[in-house]
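Analysis of the macromolecular model
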Amino acid sequence: MSGRLKSGGAIDRDEVLRFHFDDREYFGHPGDTLASALLANGVRLMGRSFKYHRPRGLLAAGAEEPNALVRLRSGRAAEPNLRATMVELYDGLVAESQNRWPTLRFDVGEVNSLFAPLFPAGFYYKTFMWPASAWKHYEWAIRRFAGLGRAPEPGDPDVYEHRHAHCDVLVIGGGPAGLAAARRATRAGARVILVDEGAAFGGSLRGNGQAIDDAPGLDWVADVVADIEAAADAVALPRTTAIGYHDHNYVTLLERVGDHLPRPESGQPRRRLWKVRARRVVLATGAIERPMVLADNDRPGVMLASAVQSYLNRQAVKVGERVAITTNNDSAYDVAVQLKAAGVAVPALIDLREEVAPALAERLAAQGIELLLARAVVQVHGKYGVKGVDVMRLAPDGERVSGEVRRLDCDALAMSGGWNPTVHLFSQSGGRLAFDETLGAFLPGTGGQPAAVVGAAAGRFDLAACLADGDAAGLAALEAAGITRKGRMPQGPAAEASTAGTPPRNLWQVPTGPGKAATAKRFVDLQNDVTASDLALAAREGYRSIEHVKRYTTTGMGTDQGKTSNVNALGIVAGTLGQEISAVGTTTFRPPYTPATFGAIAGRHTGLNLDPIRRTPMQAWHEAHGAVFEPVGQWLRPRYYPRAGEDMAAAVNREVKATRTSLGLLDATTLGKIDIQGQDAAEFLNRIYTNGWKRLGVGRCRYGLMLHEDGMVFDDGVTARLGENHFHMTTTSGNAGAVLSWLESWLQTEWPELRVYCNSVTEQSAVAGVSGPNARLLMESLGGDLDFSPEAFPFMTWQDGTLAGLPARVFRVSFTGELSYEINVAASLGTALWETLMRAGAAWDITPFGTEAMHVLRAEVGFIIVGQETDGTVTPIDLGLEAMVSGAKDFIGKRSLARADTARGNRRQLVGLLPEDPYLVVPEGAQIVERAGMAPPVPMIGHVTSSYFSPNLGQAFAMALVEGGGARHGETVQVCWDGRSAPAKLCPPKFLDPDGSRARA
Amino acid sequence: MLLITCPWCGVREEHEFACGGEAHIVRPLDSHTLDDAEWADYVFMRRNPKGVQYERWVHNDGCRRWFNMARHTVSHEILAIYKVGEPKPEFEG
Ligand SMILES: [Zn+2]
């Protein structure tokens, strides 16, 4: 049974922390992780496996843990898929296991194990693709059992933040190599950031008791960290994982600021995402031990030897009373000796190798630990916990086992299948990996960015080598960052070099034993339940690329991204294919290194902080008068102004009717406004717009269409000539920024010879649009120096003057089809203007109207909205705006209008659409087909672009793009949506006042 | 995330900029004499090299000026940044 030792470990026995796991209460100490505390309480079963729901316990002690995923906290603060090995214990912690129902011990999903033969590699592809019609029947059942964890309820109560930082040297990993590098750089005065994913610095030194400079290693660690904390320009961040290594030495760090506390301290975020730009990076990311692929290696109690050692030394937890050890390399020998010293029985150390260095064998003999060479564990006994292992002789070729089966009595198995340098970040940086046949692992090779890889991450595991490596990398980083060293060079740290060892025996799968054991599962990827035979099957089925094998078998996917499984999987696939591992290659390492929550990625950019909201100066008035708003780009615009008892349809009908029959008022401030000046301004507009601009008189306005070079409509609007070399351009509200960028790109890159200057003036002025047959009466009633008679102020002109004492520029343009004036005043006068108009307009029952009524009004007279009638595939000809296209000059997009595809006659063209049911408002986006009752596949001939009810027409109407529609007026088509359909008649897209006389009144 | 040296503002983060696609594409002045394929070549066809790419960038959240960049599409190394109108530097690859 596992449990806590009486002494040792970096825990505070004087303080007791209470916590809950699956509704049971346990106790632990500061210094514990959730994993170590559960082990100390004798809890081994921590989860169920993904596919077979097999009982699972801990494999590891660090970030690579595939099994022990828990859900922490509850409700909106809940968080799934946290590795128990990375959760620091705090008082009151509440965790629950995942992937089981109803309880961990009694899990219904375990029946999956009975059907194990039905879950081979590619199970999902094979099963769910056929028959397709059956999917809807078993989807609901599969869903309950699929996936890892449950998403929390919306509305995370915690705060997250981002921080940008620059440094000379970023050291990733606070083990001996990283600390040596950080110390060297800090002492020279460099700006240093040192990060480690653990709660404390020291890395391997926290668990193995090695000495540095003839003193305990942890004393040296404390010295180095104190140095960094004392330095003015250096920072040491524990609980911080480098999750992404991007271009130009841009590294993202995830700092767990408040995760180790019951709740984050006041004013502190739960997590902080650092975005660091480093001149040099030192990757001291260490190495991750490999499991051995042997029969039933997933039983609770089968763990990495390094994890057994870590729990023993960091938290004084023994993982069992009798711990057998199996290894292919030297590192597990220390673990055996340390276990024995702590009073744990070690029945045997089972080494795959034929021989080891005599010194190693002697160390075991001195402790009375039996050494079994050229042996392998061929079976693990016990379902909810290890009860023993079977050992057999391993043939020299590694393909077979032979001889008598020897059963060893034990309650845990520590295994070491070798070490994988943690090359994830190096690979992300663009570096190439090279497979080392001796180590059986990928090492950092060439390429990448301004960085050095040191210590175990570079395949150098000896402490003395790690220290020397780190020290040298610190020096090199200083040189590269151009920092001159001050004073005399101090000595680098020193440690006793270890004696030459015996190379590991890399065996990617341990053969199974005879009889029933021959069919036992040998897991490669514990998180995704991928076995050695799944991989072999994929290879036999013809998968050659390791990227395909990964996706077919799901090996290396999930939250751990195969940190313990990838190289074993490669070895097995390569073996089945008869290839070298270096030829098969590895899958791509992608950020993040460990999972990052959306909260951390979003930081403060949530809710109102996600995107700026732009409001017009009249916003307060709109709010006070009950407007319902809608977002238009970043703008918030009144959609309609409901009166008591009105729904949206009633309010919009009233606003539309009032504007057509008397007087309406629209806040048009959001219209994009660009000031264009320069001696070539008219020439420039001539190239940008489809129509001609050179002969437009000063004081006049003109509607213009802009195309992209492919001939498709990009924006439209009215532009006024303010002076000989001065224009005022208006654009669609949501498109103003894009249009300005577009204009600048042509001016700067294609026509730098043109003397033209563009500036956004959208927010300089507030704009009120007065519209309706009584608009002129209102304008005349305001008092001022302008003459609004049709002769003095004709349609499509503008004038400056004073209105009701306010300096104003008035454009007589119309988007509603009614007599209209757009009054521009300084933004600061917007509310004064609006209130003046409301007061003076009372005589004509002036009615403020929102965007919805505006859409109906403009559609009644057939005006388009870019982005609604157009979608980037629509030409002016498609819109019936041939008259807008100049034949006399070139303009952007002109030549494309003559391309064969653009000029063909059966393109989708803008038409009006009158549903046969006069009260049926068909949905915008509805598809159009020729007629009802056609046999599938039914060709779609168009779609609805705008659709409303018109109180003026007394019926529903729509606009649509229909193939060859311009020549089909009068024909009936079928509109289809959501399983419904209805007939509608095509007509010209002008429903009211087709000759435009009302606007010209 | 690239670190880009704007010729006018200095070193800035990539998110202040926008990429405007391949540089050194000259708009034909005699487009009416081009056949559809020639015109399509100008409008639609772009190089997609594994190697050195010449492209236009604009400092949107800064000076709003356009400039050119020579960038290696594999390493993302920025080999040169030069103003519009300056000669195109030649790089191997
Ligand atoms: Zn700039």
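Residues numbered from 1 in each chain as written. Chains lettered and ligands numbered in written order. Predicted model: local features only at pLDDT ≥ 70, side-chain atom pairs only at ≥ 80, totals over all residues. Heavy atoms only, no water.

1. Considering the interface of chain B and chain A
Note the cut-off: Contact criterion: two residues are considered in contact whenever any of their non-hydrogen atoms come within 4.5 Å of each other. Buried area: the sum, over both parts, of the accessible surface (1.4 Å probe) that disappears when the two are put together. One side-chain nitrogen of Lys or Arg within 4 Å of one carboxyl oxygen of Asp or Glu is enough to make a salt bridge. What qualifies as a polar contact is a pair of N or O atoms within 3.5 Å, subject to a donor-acceptor requirement within protein and to the restriction that residues adjacent in sequence count only when both atoms come from side chains. Put simply, DSSP H or I for four residues or longer makes a helix, DSSP E for two residues or longer makes a strand, and each gets a number counted from the N terminus. Three residue categories are used. Nonpolar comprises Ala, Val, Leu, Ile, Met, Phe, Trp, Tyr, Cys and Pro, charged comprises Asp, Glu, Lys and Arg, and polar comprises the others, including Gly.
Contacts between the two partners involve 25 residues from chain B and, on the opposite side, 27 residues from chain A. Of all residues in chain B, Met1, Arg27 and Arg64 of chain B give up the largest surface area on contact with chain A, accounting jointly for 31% of the area buried on that side. For the pair chain B and chain A, the interface holds five salt bridges. One salt bridge connects Glu13 of chain B with Arg277 of chain A, and the closest N-O pair in it is separated by 2.5 Å. The interface formed by chain B and chain A contains 20 residue pairs in polar contact (both at pLDDT 80 or more). Counting residues per element, the side of chain B that touches chain A draws most heavily on helix α1 (residues 36-43) of chain B, which supplies four residues. Across the side of chain B that touches chain A, the residue classes break down as 13 nonpolar, four polar and eight charged.

2. Quick look at the sheet that holds strand β38 (residues 713-723) of chain A
Residue and element names in this part refer to chain A. Where we set the bar: DSSP-based pairing: two strands are paired if at least 2 bridges between them are found. Every angle, taken between N-to-C directions, lies between 0 and 180 degrees, and every axis is a line fitted to C-alpha atoms, over only the stretch in contact when it is a helix.
Taken together, the five strands give an open sheet; going across it, the order is β37-β38-β39-β36-β40, and neighbouring strands pair in antiparallel fashion. In the strand order of this sheet, the two ends are held by β37 (701-707) and β40 (757-760), each with one partner. Taken pair by pair, the neighbouring strands of this sheet meet at an average axis angle of 30°, ignoring direction. Judged from the six bridges that link them, strand β36 (residues 672-677) and strand β39 (residues 726-731) form a sheet pairing that is antiparallel. When the sheet's bridge partners are listed, Ile674 is paired in β39 with Met729. Each of β36, β37, β38, β39 and β40 is contacted by helix α20 (residues 681-688), which is oriented at about 30° to β39, the strand it contacts most.

3. Let's talk about the coordination of the zinc ion
Under perfect tetrahedral coordination by four donors, a metal shows angles of 109.5 degrees; under perfect octahedral coordination by six donors, it shows angles of 90 or 180 degrees. Residues and elements named next belong to chain B. Stated formally: Only nitrogen, oxygen and sulfur atoms qualify as donors, provided they sit within 2.8 Å of the metal or within 3.2 Å for Na, K and Ca; with water excluded from the atoms, sites may seem incomplete. Irregular is the label for any site that misses the other tests, which are tetrahedral for four donors with all angles between 85 and 135 degrees, and square planar for four donors or octahedral for six when opposite donors exceed 155 degrees and the remaining angles lie between 65 and 115.
Taken together, the protein ligands of the zinc ion are Cys6 (SG), Cys9 (SG), His59 (ND1) and Cys63 (SG), with distances of 2.0 to 2.3 Å. Angles of 105 to 120° at the metal separate the four donor atoms of the zinc ion, which places the site in the tetrahedral class. Counting residues between consecutive donors of the zinc ion along the chain gives the motif C-x2-C-x49-H-x3-C.

4. A few points about the nonpolar core
All names here are of chain A. Operational definition: Joining through side-chain atoms within 4.5 Å is the link that ties buried Ala, Val, Leu, Ile, Met, Phe, Trp, Tyr and Cys residues into a set, and such a set is a nonpolar core. To sort residues, take the accessible area from a 1.4 Å probe on protein chains only and compare it with the maximum for the residue type: under 20% means buried, over 50% means exposed, and anything in between is partly exposed.
Ranked by internal contacts, the top residues of the largest apolar core, which has 83 residues, are Leu34, Leu93, Tyr311, Leu339 and Val389. Residues in contact with Leu34, not counting those within four places in the same chain, are Phe19, Val70, Ala84, Val87, Leu89, Leu93 and Ala95. Core analysis: the second largest hydrophobic core is formed by 34 residues, Val171, Ala185, Val192 and Val224 among them.

5. What about the side chain of Ser427 of chain A?
Inspection of the secondary structure puts Ser427 of chain A in helix α11 (residues 424-428). Sequence-distant contacts of Ser427 of chain A, that is, excluding residues within four places in its chain, are made with Leu433 and Phe589 of chain A.

6. So, the packing of aromatic side chains
All names here are of chain A. Heads up, the rule is: The rule is short: rings of Phe, Tyr and Trp, with Trp giving its six-membered ring, pair when the centres are within 6.5 Å, and they are stacked under 30 degrees, edge-to-face over 60, tilted in between.
For the structure shown, the criterion picks out 21 aromatic pairs over all chains. Where Phe788 meets Tyr821, the ring centres are 5.4 Å apart and the plane angle is 85°; that geometry is what we call edge-to-face. Taken together, the residues Phe788 in the loop between α22 (775-781) and β42 (798-803) and Tyr821 in strand β44 (residues 820-826) connect sequence positions 33 residues apart. Under the relative-accessibility criterion, Phe788 is labelled buried at 3%. Ring centres of Phe815 and Phe863 lie 6.2 Å apart, and the angle between their planes is 15°; on these two criteria the pair is classed as stacked. With Phe815 in the loop between β43 (806-811) and β44 and Phe863 in the loop between α24 (851-860) and α25 (900-903), this pair connects stretches of sequence that are 48 residues apart. We classify Phe815 as partly exposed; its relative accessible area is 30%.

7. Concerning the environment of Met46 of chain A
All names here are of chain A. By the secondary structure assignment, Met46 is in the loop between α1 (34-40) and β4 (47-48). Along the backbone, Met46 and Asn67 are 21 residues apart, and their C-alpha atoms lie at a distance of 7.6 Å. Once you skip the residues sitting within four places of it in the chain, Met46 turns out to touch Phe21, Ala35, Leu38, Leu39, Arg56, Gly57, Leu58, Ala68, Leu69, Ser97 and Leu104.

8. Digging into the packing of helix α5 (residues 176-187) of chain A against helix α12 (residues 463-480) of chain A
All names here are of chain A. Keep this limit in mind: Handedness of a crossing follows from how the near helix is turned relative to the far one, being left-handed for an anticlockwise turn of less than a right angle and right-handed for a clockwise one.
Packing of α5 against α12 brings their axes to within 7 Å, and their N-to-C directions diverge by 35°. In this structure, α5 crosses over α12, and the sense of that crossing is right-handed. Listed contacts from α12 to Pro176, Ala177, Ala180, Ala181, Arg184 and Ala185 of α5 are Leu463, Cys466, Leu467, Gly470, Asp471, Gly474, Leu475 and Leu478. Tallied by class, the residues present in the contact of α5 with α12 amount to ten nonpolar, two polar and two charged.

9. A look at the sheet that holds strand β6 (residues 78-83) of chain B
Adjacent strands of a sheet form backbone hydrogen bonds with each other and so pair up, either parallel or antiparallel. What the four strands build is an open sheet, ordered β3-β4-β5-β6 (chain B); its pairing is antiparallel. Bordering the open sheet on either side are β3 (18-22) and β6 of chain B, each of which pairs with just one other strand. Averaged over all pairs of adjacent strands, the angle between their axes in this sheet comes to 30°, without regard to strand direction. Sheet topology places β3 of chain B next to strand β4 (residues 52-58) of chain B; three bridges connect them, and they run antiparallel. Note that in β4 of chain B the partner of Glu22 of chain B across the bridge is Glu55 of chain B. Most of the contacts of helix α21 (residues 736-750) of chain A go to strand β5 (residues 66-72) of chain B, to which it runs at about 80°, and overall it touches β4 and β5 of chain B.

10. Observations concerning a negative patch on the surface
All names here are of chain A. Quick note on the threshold: Like-charged residues within 9 Å of one another, or nonpolar side chains (Val, Leu, Ile, Met, Phe, Trp, Tyr) within 5 Å, are grouped into patches, provided each residue has over 30% relative accessible area and no salt bridge. Note that accessible areas follow from Shrake-Rupley with a 1.4 Å probe, and for residues the cover is restricted to the protein chains shown. We score Asp and Glu as negative and Lys and Arg as positive, and we do not count His or the chain ends. Charge placement uses NZ in Lys and CZ in Arg. For Asp and Glu, CG and CD serve respectively.
Where like charges cluster on the molecular surface, the negative patch consists of Asp12, Asp14, Glu15 and Asp91. Locating Asp14 in the fold gives a position in the loop between β1 (3-4) and β2 (17-21). Note on Asp14: relative accessible area 76%, which makes it exposed.

11. Quick word on helix α15 (residues 566-577) of chain A
Each turn of an α-helix holds 3.6 residues, which means side chains three or four residues apart point in the same direction. Residue and element names in this part refer to chain A. In plain terms, the rule: For a helix, the expected span equals 1.5 Å multiplied by the number of residues minus one.
The terminal C-alpha atoms of α15 lie 16 Å apart, and with twelve residues this matches the ideal 16 Å at 1.5 Å per residue to within 8%. In terms of residue burial, α15 counts as a mostly covered element, since ten of its twelve residues are buried. Within the span of α15, buried status applies to Asn566, Val567, Asn568, Ala569, Leu570, Gly571, Ile572, Val573, Ala574 and Leu577. Summarising the contacts, the buried residues of α15 are in contact with β27 (419-421), β29 (441-447), β31 (523-525), α13 (532-540), α14 (546-553) and α16 (581-584).

12. Describing the packing of α5 of chain A against helix α7 (residues 217-230) of chain A
Residue and element names in this part refer to chain A. Close contact between α5 and α7 brings their axes to 10 Å; oriented N to C, the two are set at 35°. For the crossing formed where α5 meets α7, the hand is left-handed. Across the interface between the two elements, Pro176, Leu179, Ala180, Ala182, Arg183, Thr186 and Arg187 from α5 touch Trp220, Val221, Val224, Val225, Asp227 and Ile228 from α7. Here the residues of the contact of α5 with α7 are counted per class, giving nine nonpolar, one polar and three charged.

13. Considering the environment of Trp419 of chain A
Residue and element names in this part refer to chain A. Within the element layout of this structure, Trp419 appears in strand β27. In this structure the C-alpha to C-alpha distance between Trp419 and Gly258, which are 161 residues apart in sequence, comes to 32 Å. Apart from residues lying up to four places away in sequence, Trp419 is in contact with Ala287, Ile288, Glu289, Arg290, Ser306, Asn329, Ser331, Ala441 and Phe461. Here Ser331 takes part through its side chain, which lies 2.9 Å from a polar atom of the side chain of Trp419.

14. Quick notes on the confidence of the model for chain B
Note the cut-off: Values of pLDDT, which run from 0 to 100, indicate the predictor's confidence residue by residue.
Of all residues in chain B, 100% have pLDDT values of 70 or greater, and the mean over the chain is 95. Model confidence for the complex: the whole-complex pTM is 0.90, and ipTM, which rates the interface, is 0.97.

15. Considering the environment of Gly678 of chain A
Residue and element names in this part refer to chain A. Inspection of the secondary structure assignment puts Gly678 in the loop between β36 and α20. Each C-alpha atom, one on Gly678 and one on Leu986, is 46 Å from the other, the two residues being 308 residues apart in sequence. Not counting residues up to four positions away in its chain, the partners in contact with Gly678 are Asn725, Arg755 and Val756.

16. Points about the pattern of salt bridges
Residues and elements named next belong to chain A. This structure, assessed with the given rule, holds 54 salt bridges over all chains. Across the pair Glu930 and Arg968 runs a salt bridge, and its minimum N-O distance is 2.9 Å. One end of the pair, Glu930, is in the loop between β47 (927-929) and β48 (942-950); the other, Arg968, is in the loop between β49 (955-963) and β50 (972-977), with 38 residues separating them in the sequence. Its relative accessible area of 27% is what places Glu930 among the partly exposed residues. On the basis of relative accessibility, which here comes to 13%, the residue Arg968 falls in the buried class.

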